[in-house]
Amino acid sequence: MDAPNLAEAGIFRAITLGMPRAIRGRRRWHRPSRHCAHGPQAMLANEMNGVKLMPAKSIGYAIAMVALVGSSGCTGPDGLGTKGAPAESGVADHYTETILASGPGWSKLRISGYALDSGGQYFDGNVYVLRNAAGIATSPLDDGVKSELELEAGGVDGDVVYSVSEDTIKEIMASEKAGALSPALQAIAEPGDVDSDARGGAKLFGKCSSKSTTMTKAVDLSAVLTSTHEFGSGFTGTLALDGNVEGSATVEIKVERKRYAIFGACIPYAIRFEHARAYGNAVVGPSLSLTGTLTYKPKPWETEIAKPSLGALTFMVGPVPVRIPLSLPVSVGFDLEASATGTLVYNTGQTASGNFDYQCTLNECSGTGSYSFSGSSQTPTVTASAEGRVKPAVWAQVAVRAALYDEKLAYAQAGVRPYVYGDLWGYYGNNCGDANEDGENETVDALTFDLDWQVRITGEAAAFGGTPKRWKLWQSKRNHIAFWDLAGSKAIEPMLSGPATASTGASSQYGAKMRPCWPYEDSVNYALAWGNDTTAYFSGPAQTWTNVTGAWGNVGSYTMNLTALSDEHGRNFNGTTARTVHIGQSSENLALGASTSASSTFCSGSDVHCYHPERINDGDPSTALGGYTSWSNDYGNSLPQWVELNFGSAHSFARVELYTTMGYEVQNYELQYWNGSAWLPLVTVSGNTEAHRTHTFQSVSASKLRVMGLLGSVVQPGYVRLNEVEVYEN
């Protein structure tokens, strides 16, 4: 993206704090600085650039983010500087900047000031700020200098930004024309790795190796966050934020000094930004209140709400002045995923704390960070019903930013961005399962709110007003804060499958899972109280049956209670489903002594791939998949298909326990009995989703029992899989 024509816009910035008139008028110097010393600089006031600590407009969870941004470059009138009054003399920071001209990928600035961070030195002159090879090519610089910079920039994959001293370039051109170094260049000349020609003499044109300079500055991250923001366009509501940020960081800026080879000397004439680094710690303690009504899904939103000044790094790199203004931008963001409408009010009171160490160029970032949350949140309230899910994701960040003269020219940043995820779930209806297997789906409701947090390390860079590059460098696992049941939700109650009757001393299998409308996939922890002073504790997937077995020693009716306690994400439910089981005297499973036959049998090879009919009465009620445990009809045989038990003589029975394969439950089937001359229907089932069904009926006398498969599983509708059939007198 081309740079805006800042000169035509008449943009001018001047900052002068307590500077004597004599100092303001001074422009030139006579002895250059050859190095850039490390040293502290007094922090500029928050109002220095007309920026005040604005109230933080956050849409979510205020969190600490520390970011670093970089690029650098400043140049004097001749590119040459002299030592001025030392920093400790009390001279205040001074800097002015005027945009003189600009074009695609370049800008020409007039800058003046005092290099407080390199021992004290005045500068006043013109610099060219150039982006990439394209900006270098279109700039008004001398072709010899441009070719040298273009060669390097062309080998960079991504953005590269240079700051070039115009007056130093003019001195180089004049010296080349005169055939000798000018006095000004002699004063700043450096020894270096000068190339030689074939005759062993020094070349007129060439390139000296670049040298690096690193500067650091400590910054205080303390700030008060206060904000109220009104929303619209799909989410109408208000966010109120009160809190504070505490912490400190060290900002490190590294630049590369470019040197021009001429007459056996190396002349520094430009700088190239290498990286910006920030390391330190931050703690943020916000109190956030959100009230809103969702009517449709709004677009993601983010904004910068404040940017107080943190001062600046101003130093000399050879004859080139470098000005890195520092600031503390505060940004907030909001994203919302929704399939419902509703009204929500909630408050959070969490504190995020941790440390960071990240380094960014204009093209990539790397480093490490560690953050955690603590605190408590108030129970949210819902002032109107909601059905479906509303999932707001909110964040706030506090950043340390360093810019090249002006943020419009170049910056790079990395930092910490903690998120808070809300999840409002509402439901009402009778399409959420038959929890107690009484043959009817219960009408249930739900209104819950879940709150999670996650920390991300992000990176960002941009040059010359281009679209910022953004990176997600690292993220923590998603951690749970709290879960609230806002309305005594019946849909939290789990489903309990298994026989309604059993015999004393005989093991019976029961299954547990959450209702089909349950929105979460995390494994659930259950407690099944058998009603005989024993309880089984177990865990399993939310939407898959998890089976346990139990037995009763005495005849009677027992109330079983299945409780969904919690899940592996950290939500606590304590929803309970109750049902009654009737225990009678032990009776014989008539199927164990029966012979078996089938309309067809799938058998491919042997062992596990051969689904023999005798699997249905081998005494193993397992619902596992495979030929070792189940019968299935053969491939290509159209339904209906059947499997049969032949008792050899007439027996009376009133209960059948039917086991199909987990995940391949037979949907439609019919139990039939042989009355001596014809097959008669006993039980007809359609739409089955259970792996184990108990069928009780008025006692019949028959010598044969048949299971007629009418429709297989959802996964394989052409196959009828039966694992076990048990037949009892009562």
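Sequence order as written defines residue numbering, which begins from 1 separately in each chain. Only residues with pLDDT of 70 or above have their local features reported here, since the model is predicted, and side-chain atom pairs are shown and tallied only from 80 upward, although totals for entire chains, interfaces and linings are computed over all residues. Derived side-chain values reflect all non-hydrogen atoms in the structure, with water molecules and hydrogen atoms excluded from consideration.

## With respect to the overall build of the protein chain
- In terms of helices and strands, the protein chain carries six helices and 38 strands.
- Working definition: with a 1.4 Å probe on protein chains only, accessible area under 20% of the residue-type maximum means buried, over 50% means exposed, and in between means partly exposed. Taken across its 730 residues, the protein chain has 55% of its residues classed as buried.
- Here a residue-residue contact requires only that any non-hydrogen atoms of the pair lie within 4.5 Å. Partitioning the contacts of the protein chain with sequence separation of at least 6, the portion at a separation of at least 24 is 76%.
- Each accessible area is a Shrake-Rupley estimate made with a 1.4 Å probe; only the visible protein chains count as cover when residues are assessed. Of the roughly 28700 Å² of accessible surface on the protein chain, 48% is carried by carbon and sulfur atoms. Helix numbers and strand numbers start at the N terminus; a helix is a DSSP run of H or I with at least 4 residues, a strand a run of E with at least 2.

## Quick word on the sheet that holds strand β19 (residues 401-402)
- The rule for pairing is simple: two strands pair if DSSP sees at least two bridges between them. Reading across from one edge, β12-β13-β19 is the order of the three strands in this open sheet, with antiparallel pairing throughout. Either end of the sheet is taken by a strand with one partner, and the two such strands are β12 (309-317) and β19.
- Pairing of strand β13 (residues 320-327) with β19, which is carried by two bridges, proceeds in the antiparallel orientation. Its bridge partner lying in β19, Ser327 is registered against Arg401.

## As for the layout of surface pockets
- Estimates place the volume of the largest pocket at around 670 Å³.
- Think of a 1 Å grid over just the protein atoms. A cavity is a set of points where a 1.4 Å probe fits yet cannot get out, a pocket is an open set with protein on both sides within 12 Å along at least five of seven lines, and lining residues have an atom within 4 Å of a point. Along the walls of the largest pocket sit 30 residues, with Asp434, Glu437, Thr689, Glu690 and Arg693 positioned nearest its centre.
- At the level of elements, β31 (572-584) and β37 (692-711) are the ones that each hand at least two residues to the lining of the largest pocket.
- Broken down by element, the lining of the largest pocket gets its largest block of residues, three residues, from β37.
- For the lining of the largest pocket, the per-class residue count stands at seven nonpolar, 16 polar and seven charged.
- By volume, the second largest pocket is sized at about 270 Å³.
- Together, 20 residues line the second largest pocket, and Ala506, Ser507, Tyr659, Glu726 and Tyr728 are the ones closest to its centre.
- The classification used treats Ala, Val, Leu, Ile, Met, Phe, Trp, Tyr, Cys and Pro as nonpolar, Asp, Glu, Lys and Arg as charged, and all other residues, Gly among them, as polar. Taken together, the residues of the lining of the second largest pocket break down into seven nonpolar, ten polar and three charged. Grid points are joined across faces, edges and corners, and a volume is the space filled by probe spheres set on the points.

## As for the sheet that holds strand β25 (residues 501-503)
- Across the sheet, which stays open at both edges, the five strands sit in the order β25-β31-β30-β27-β28 with mixed pairing between neighbours. The outermost strands of the open sheet, each flanked by one partner alone, are β25 and β28 (535-540). When strand polarity is set aside, the average angle formed by the axes of neighbouring strands in this sheet is 30°.
- Summarising the sheet, strand β27 (residues 524-529) and strand β30 (residues 556-567) pair through six bridges and their orientation is antiparallel. Pairing of Tyr526 across the sheet is with Ala564, part of β30. Axis angles are defined between N-to-C directions and span 0 to 180 degrees, where every axis is a line fitted to C-alpha atoms and, for a helix, only to the segment in contact.

## Here's the deal with helix α5 (residues 166-178)
- The length a helix should cover is 1.5 Å for every residue beyond the first. The first and last C-alpha atoms of α5 sit 19 Å apart over 13 residues, in line with the 18 Å expected at 1.5 Å per residue.
- Along α5, the residues that are buried comprise Glu166, Asp167, Thr168, Ile169, Ile172, Met173, Ser175 and Glu176.
- The positive-phi residue at the C-terminal boundary of α5 is Gly179, with phi of around 85°.

## Describing empty space enclosed by the protein
- Counted according to the given criterion, the structure contains three cavities of 30 Å³ or more.
- If you add up the space inside the largest cavity, you get close to 70 Å³.
- If you go around the largest cavity, the residues you meet are Ser497, Gln509, Tyr510, Gly511, Trp545, Asn547, Thr623, Met662, Glu690, Ala691 and His692.
- Top contributing element to the lining of the largest cavity by residue count: strand β26 (residues 508-513), with three residues.
- Here the residues of the lining of the largest cavity sort into four nonpolar, six polar and one charged.

## With respect to the confidence of the model for the protein chain
- Confidence of the prediction at every residue is given by pLDDT, a number between 0 and 100. Averaged over the protein chain, the pLDDT score is 79; the fraction of residues at 70 or greater is 76%.
- Within the model, pLDDT remains below 50 along residues 1-92, and this stretch shows 351 contacts once partners closer than five positions in the same chain are excluded.
- Here residues 196-206 is a poorly scored stretch, pLDDT under 50, and it has 19 contacts once near neighbours within four places are set aside; other chains count.

## Here's the deal with the pairing of strand β29 (residues 546-550)
- Side chains of β29 alternate between two faces, with Thr546, Val548 and Gly550 buried and Asn547 and Thr549 left unburied.
- Strand direction decides the pairing type here: β26 and β29, joined by five bridges, are antiparallel. Directly across from Ala512, in β29, lies its bridge partner Thr546.

## Things to note about helix α4 (residues 143-153)
- Listed in full, the buried residues belonging to α4 are Val145, Lys146, Glu148, Leu149, Glu152 and Ala153. Mapping the buried residues of α4 onto a view down its axis gives an arc of 160°, with all of them on the same face. Every exposed residue of α4 that faces more than 90 degrees away from the buried side is listed here: Asp143 and Leu151.
- Polar contact is defined as a pair of N or O atoms within 3.5 Å, subject to the rule that within protein one atom must be able to donate a hydrogen and the other to accept it, and that residues adjacent in sequence are counted only when both atoms are side-chain atoms. Sitting at the head of α4, Asp142 places a side-chain oxygen 2.8 Å from the backbone nitrogen of Gly144. Directions drawn from the helix axis to the C-beta atoms are what define this arc.

## Description of the packing of aromatic side chains
- Centres within 6.5 Å are what make two rings of Phe, Tyr or Trp a pair, Trp counting through its six-membered ring; a difference in plane orientation under 30 degrees is then read as stacked, over 60 as edge-to-face, and the rest as tilted. On inspection of all chains with the given rule, the structure shows 18 aromatic pairs.
- With a centroid separation of 5.8 Å and 75° between ring planes, the pair formed by Phe602 and Tyr611 is classed as edge-to-face.
- Take Tyr611: its relative accessible area is 10%, and that puts it in the buried class.
- Joined through ring pairs, the aromatic side chains of Trp425, Phe483, Trp518, Tyr520 and Phe573 make up one cluster.
- The criterion is that NZ of a Lys, or CZ of an Arg, lies within 6 Å of the ring centre and within 35 degrees of the ring normal, and then a charge sits over that ring. The positively charged end of Arg571 is found above the aromatic ring belonging to Tyr520, 3.7 Å away from the centroid.
- Above the ring of Tyr664, the side-chain terminus of Arg721 is found at 4.7 Å from the ring centroid.

## A look at the pattern of salt bridges
- Whenever Lys or Arg places a side-chain nitrogen within 4 Å of a carboxyl oxygen from Asp or Glu, that contact is recorded as a salt bridge. Counted under the stated rule, the structure contains 25 salt bridges.
- Note that Arg277 and Asp357 form a salt bridge whose closest N and O atoms lie 2.9 Å from each other. Of the two residues, Arg277 is situated in strand β10 (residues 265-294) and Asp357 in strand β15 (residues 342-360); the sequence distance between them amounts to 80 residues.
- The partly exposed category is assigned to Asp357, whose relative accessible area is 26%.
- The closest approach of N and O atoms between Glu460 and Arg470, which form a salt bridge, is 3.2 Å. With Glu460 in strand β21 (residues 444-463) and Arg470 in strand β22 (residues 469-475), this pair connects stretches of sequence that are ten residues apart.
- Given the relative accessible area of 9%, Glu460 is considered buried.
- A cluster of three or more residues bridged by salt bridges with shared partners is formed by Glu152, Glu256, Lys258 and Arg272.

## Details of the state of the cysteines
- What counts as a disulfide here is a pair of cysteine sulfur atoms lying within 2.5 Å. A full pass over the atoms with the stated rule returns four disulfides.
- Sequence-ordered numbering of the bonded cysteines in the protein chain gives a pairing of 1-2, 3-4, 5-6, 7-8.

## Some points on the nonpolar core
- Of all hydrophobic cores here, the largest spans 55 residues; its most connected members are Val129 and Tyr405.
- Core analysis: the next-biggest nonpolar cluster, separate from the first, contains 32 residues, Trp425, Cys517, Val524 and Ala536 among them. As used in this record, nonpolar core signifies buried Ala, Val, Leu, Ile, Met, Phe, Trp, Tyr and Cys residues forming a set joined through side-chain atoms within 4.5 Å.

## Section: the environment of Val332
- As for its position among the elements, Val332 is in strand β14 (residues 330-338).
- Through-space distance from the C-alpha of Val332 to that of Val394 is 7.7 Å; in sequence the pair is 62 residues apart.

## Quick look at the pairing of strand β38 (residues 721-728)
- Burial analysis of β38 places eight of its eight residues in the buried class, the great majority of the element.
- Relative to β38, strand β33 (residues 631-632) runs antiparallel, the two being bridged by two bridges. Counted as the bridge partner of Ser632 is Arg721 from β38.
- Sheet topology note: the strand β34 (residues 641-660)/β38 ladder contains six bridges and is antiparallel. Pairing of Tyr659 across the sheet is with Glu724, part of β38.

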